[in-house]
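Structural overview
Here is how the chains run, residue by residue.
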Amino acid sequence: MPSRSIPANDFGPRLLLVDRDSAGIRSLVAGLSRALAGSVRVEIVTGGRAAAEMLRGESFDLVLADLASLSDLAGKVDEAIARLVKLSAGALLVALSEGGSVSVAVAAMRAGAHDVIALPIAPEAFATRIGELAQRHGKGQALSFADDARPGRADFEGFVGVSSQMQHVYDQIERIAPSSAPVFITGESGTGKDVCAEAIHSRGPRAGKRFVAINCAAIPRDLLESELFGVVRGAYTGAHEDRKGAAELADGGTLFLDEIGEMDLSLQAKLLRFLQTGTVSRVGEASQRRIDVRVVCATNRNPMQLITNRLFREDLFYRLHVLPIHLPPLRQRPADILVLARHFLTRYAAEERKRFSDFTPETASLMTARDWPGNVRQLQNLVRRLVVMFDGGEITAQMVTAADIESLTLGHQDTPAASRAEPVILPLWQQEQRIIEEAIARFSGNITLAAAALELSPSTIYRKRQAWADMDGTRRKGAA
């Protein structure tokens, strides 16, 4: 059966669409073609046999196959997909299903499809999904998106990530940065809270002034006050000269209080007064000094549980918790794992003057499937260790096993830090959201497979996610 083409020259990515006659699917592909960088050639065939014939003679970067259009190739969906997978070596193969059948989707994935996308789906969400899949499966170069149309930025102010979760973080930072209101960053250790704080500073009007960071957990309690507010000569043994504290040093700029959940209650009271009055008193000094700083704080602990346990002042929390940002753990954004790993591989290979090409497909799959309890920092350390320990070439699974010291010493205890913290009772809808999002992350963003595991319909998950997004938008408007 002859194919039809959407005209373009021979440069840029090549797409093969297997679709009998769905206007909705054609419009999604047209929107995706506009989003992709460079000219795109799209070949359209109306059946599975024609697709197989096309794949025998030509190579493609992306194959989009409507499952209902494959019946002429094989009697079962899994058999048809398996044949296309065998013929489309090197291509990203995505199945499209308008019926939303969970069993059919599972069969397609088991047969080798990279994903099954349930229809209908919004064009923007479709482009984002394809972009995430391309990055996750190493097709990011072939399927690159134009700067003004790409579904997500790959890097942003020190962050690296293309997932929808990170796009939301980037958007929050851009919205929050121009303000002078306090920012409260939460997230597990290793998720980049310090990077987030610096991004807020560099994107805001105080970027030309100083950014001063102080780690409340790394400084002894009896010294933290002087480190924060300064000290005058003779205030205590060892205070040989007047010294400014972090708050004064940051005057006009940004003061970042990392691990604020570790701050002693008595010092929390003084911090609250500083936030209320805009003045500080050095240790041993009676006079007040007026300063102007923007305060950004961060913690890897649950602040509400700290308040319940009387380890954190509630009035201070609400003084600081004006503009909250939560950084998702790496296990909840698997689309970013290989993007980050390749970024670190390039960086450290240059530093060590070694030549590494990439991760083998097997290694890439293993790394994407891991939980990464230490988050980005753990992944970064592993890649650096690989570069130091080995001479170059492709990173194999055996090399990762040899360099994966954390798994050896911890006995593969991939227990996230958050699960070891004190238990907290969340509202039912938040628990439901967490369960569903974790299931989606477990199946690498595949909603159909996540729905099957949870014994829900994919449409239910789409409806709930849209409701949560609407709630988030309403809260942001209310806070504005």
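Definitions and cut-offs
Residues numbered from 1 in each chain as written. Predicted model: local features only at pLDDT ≥ 70, side-chain atom pairs only at ≥ 80, totals over all residues. Heavy atoms only, no water. Helix = DSSP H or I, 4+ residues; strand = E, 2+ residues; numbered from the N terminus. Contact = heavy atoms within 4.5 Å. Buried < 20%, exposed > 50% of the residue type's maximum accessible area, 1.4 Å probe, protein only. Polar contact = N/O pair within 3.5 Å; in protein donor to acceptor, adjacent residues only side chain to side chain. Phe/Tyr/Trp six-rings, centres within 6.5 Å; stacked < 30°, edge-to-face > 60°. Pairing = 2+ DSSP bridges. Axes fitted to C-alpha atoms, helices over the stretch in contact; angles between N-to-C directions.

Following the sequence through the fold, G48 ends up in helix 2 (residues 48–57). Contact partners of G48, with chain neighbours within four places excluded, come to V18, S69, L70, D72, L73 and L84.

This part covers the environment of K193. Here K193 is to be found in helix 7 (residues 193–203). For K193, a relative accessible area of 6% puts it in the buried group. In sequence terms K193 and I325 are 132 residues apart; their C-alpha atoms lie 9.4 Å from each other. Filtering out sequence-adjacent residues up to four positions away, K193 remains in contact with I185, T186, G187, E188, F256, E259, A298, T299, N300 and L327. A distance of 3.1 Å separates the side chain of K193 from the backbone oxygen of G187, its partner in a polar contact.

Next up on the list: the packing of aromatic side chains. Scanning the entire structure with this criterion turns up 7 aromatic pairs. An angle of 25° between the planes, with centres 4.8 Å apart, marks the rings of F156 and Y170 as stacked. Highlighted residues: F156 in strand 7 (residues 155–156) and Y170 in helix 6 (residues 164–176), separated in sequence by 14 residues. Side by side, F156 and Y170 carry an identical accessibility label, which is buried. Both rings, one in F159 and one in Y170, keep their centres 6.2 Å apart while their planes meet at 45°; by these two values the pair is tilted. Placement of F159 in strand 8 (residues 159–160) and of Y170 in helix 6 is noted, with a sequence separation of 11 residues between them. Taken as a pair, F159 and Y170 share a single burial class, namely buried. Grouped by ring-pair contacts, the aromatic residues F156, F159 and Y170 constitute a single cluster.

This paragraph deals with the sheet that holds strand 11 (residues 254–258). As a general point, the strands of a sheet are linked pairwise by backbone hydrogen bonds and lie either parallel or antiparallel. Strand order across the open sheet formed by 5 strands is 10-11-14-9-15, with parallel pairing between neighbours. The open sheet is flanked by strand 10 (211–215) and strand 15 (323–326), the only strands paired with a single partner. Recorded for the sheet is a direction-independent mean angle of 15° between the axes of neighbouring strands. The sheet contact formed by strand 11 and strand 14 (residues 294–299) spans 4 bridges and is parallel. Note that in strand 14 the partner of F256 across the bridge is V296. Contacting strand 9 (183–186), strand 14 and strand 15, helix 6 runs over the sheet at an angle of about 160° to strand 15. Running over the sheet, helix 7 touches strand 9, strand 10, strand 11, strand 14 and strand 15 and is turned about 155° from strand 9.

Judged by how many residues are buried, strand 2 (residues 14–18) sits mostly within the fold: 5 of 5 residues are covered. Of the two faces of strand 2, both are covered, the one formed by R14, L16 and V18 as well as the one formed by L15 and L17. In this sheet, strand 3 (residues 41–45) lies alongside strand 2 in parallel orientation, the contact comprising 5 bridges. Within the sheet, the bridge partner assigned to V18 lies in strand 3 and is V45. In the sheet, strand 2 pairs with strand 4 (residues 62–66) via 4 bridges, with the strands oriented parallel. If you follow V18 over to strand 4, its bridge partner there is A65.

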